[in-house]
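# Results of the structural survey
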Amino acid sequence: QQQVKQSPQSLIVQKGGISIINCAYENTAFDYFPWYQQFPGKGPALLIAIRPDVSEKKEGRFTISFNKSAKQFSLHIMDSQPGDSATYFCAASTDKLIFGTGTRLQVFP
Amino acid sequence: DTGVSQNPRHKITKRGQNVTFRCDPISEHNRLYWYRQTLGQGPEFLTYFQNEAQLEKSRLLSDRFSAERPKGSFSTLEIQRTEQGDSAMYLCASGGHMNTEAFFGQGTRLTVV
């Protein structure tokens, strides 16, 4: 019930392409869904977040799509850049964050 | 720097020794979280505080682990009688009200030899 399942485990995208990472959850009590970006040796950095009362949120090149009925949400990175190469984690929260297993994104020029 | 600060950044210790890590949250954040992250995995919840009250402890947190947050400001995480399996990145995060943004520090990398 507390798990957040994330896919794919790794993703290779050409520069300028769209990166898509998916997450699914079971616990309908979750009501806050952030995405974090993590570079090697650093702590996770909050990227963008959504609440279940909206279906989409966009900030710059990053968009979260949220499907409450399917209990799924995804991160879309438009115009992917080599500097976006990092590990991305989805998370879901009631009173504490439960993280997915991460997606290692590599963007090649 | 007004972000979450963790010290030390790196700690190498011999098996069986005790270690203590410190986290200074963003000022005025009343919630403070501790997570553990091993290579290739997502952060795993350990415990969290609201002000000085420890509200939840994960089953991952054995009796060798203890966390405190005196006066609701900084927090310490102590591991007694360290084991090689304790080697990980220990992350601290702070946040305001429940279910708002949580910001992480840079972590403390623990290596038990």
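Scope of this entry: the structure provided in the associated data block.

Rules used in this analysis
- Residues numbered from 1 in each chain as written.
- Chains lettered and ligands numbered in written order.
- Predicted model: local features only at pLDDT ≥ 70, side-chain atom pairs only at ≥ 80, totals over all residues.
- Heavy atoms only, no water.
- Pairing = 2+ DSSP bridges.
- Helix = DSSP H or I, 4+ residues; strand = E, 2+ residues; numbered from the N terminus.
- Axes fitted to C-alpha atoms, helices over the stretch in contact; angles between N-to-C directions.
- Buried < 20%, exposed > 50% of the residue type's maximum accessible area, 1.4 Å probe, protein only.
- Contact = heavy atoms within 4.5 Å.
- Buried area = accessible area lost by both parts, 1.4 Å probe.
- Salt bridge = Lys/Arg side-chain N within 4 Å of Asp/Glu carboxyl O.
- Polar contact = N/O pair within 3.5 Å; in protein donor to acceptor, adjacent residues only side chain to side chain.
- Nonpolar A, V, L, I, M, F, W, Y, C, P; charged D, E, K, R; others polar.

### Regarding the sheet that holds strand β7 (residues 62-67) of chain A
By way of backbone hydrogen bonds, the strands of a sheet pair with one another, either parallel or antiparallel. Residues and elements named next belong to chain A. Spatially, 5 strands are ordered β1-β3-β8-β7-β6 in an open sheet, and the strand pairing comes out antiparallel. For this open sheet the edge positions go to β1 (4-7) and β6 (56-59), each flanked by a neighbour on one side alone. In this sheet, neighbouring strand axes are inclined to one another by 15° on average, regardless of whether the strands run parallel or antiparallel. Bridge analysis of β1 against strand β3 (residues 19-25) gives 4 bridges, and the strand direction is antiparallel. Within the sheet, the bridge partner assigned to Q6 lies in β3 and is C23.

### Considerations on the pairing of strand β7 (residues 65-68) of chain B
Residue and element names in this part refer to chain B. The alternating pattern of β7 places F65 and A67 on a buried face and S66 and E68 on a face that is not buried. When β7 meets strand β8 (residues 75-79), the two strands line up antiparallel, connected through 4 bridges. Among the inter-strand pairings, A67 is bridged to a residue of β8, identified as L77. In textbook terms, the turn of a hairpin is the stretch between consecutive antiparallel strands, and for β7 and β8 this stretch comprises 6 residues, one of which, K71, has a positive phi near 65°.

### Comments concerning the interface of chain A and chain B
Contacts between chain A and chain B engage 19 residues on the former and 23 residues on the latter. Carbon and sulfur atoms make up 51% of the surface buried where chain A meets chain B, a total of about 1,600 Å² over both sides. Of all residues in chain A, D95, K96 and F99 of chain A bury the most surface against chain B, accounting for 30% of the area lost on that side. The partner of K96 of chain A in a salt bridge is E56 of chain B, and the shortest N-O contact between them spans 2.9 Å. Here chain A is connected to chain B by 7 residue pairs in polar contact (both at pLDDT 80 or more). For the side of chain A that touches chain B, the secondary structure elements donating two or more residues are β4 (33-38), β9 (86-93) and β10 (97-99) of chain A. Residue classes in the side of chain A that touches chain B are distributed as 7 nonpolar, 7 polar and 5 charged.

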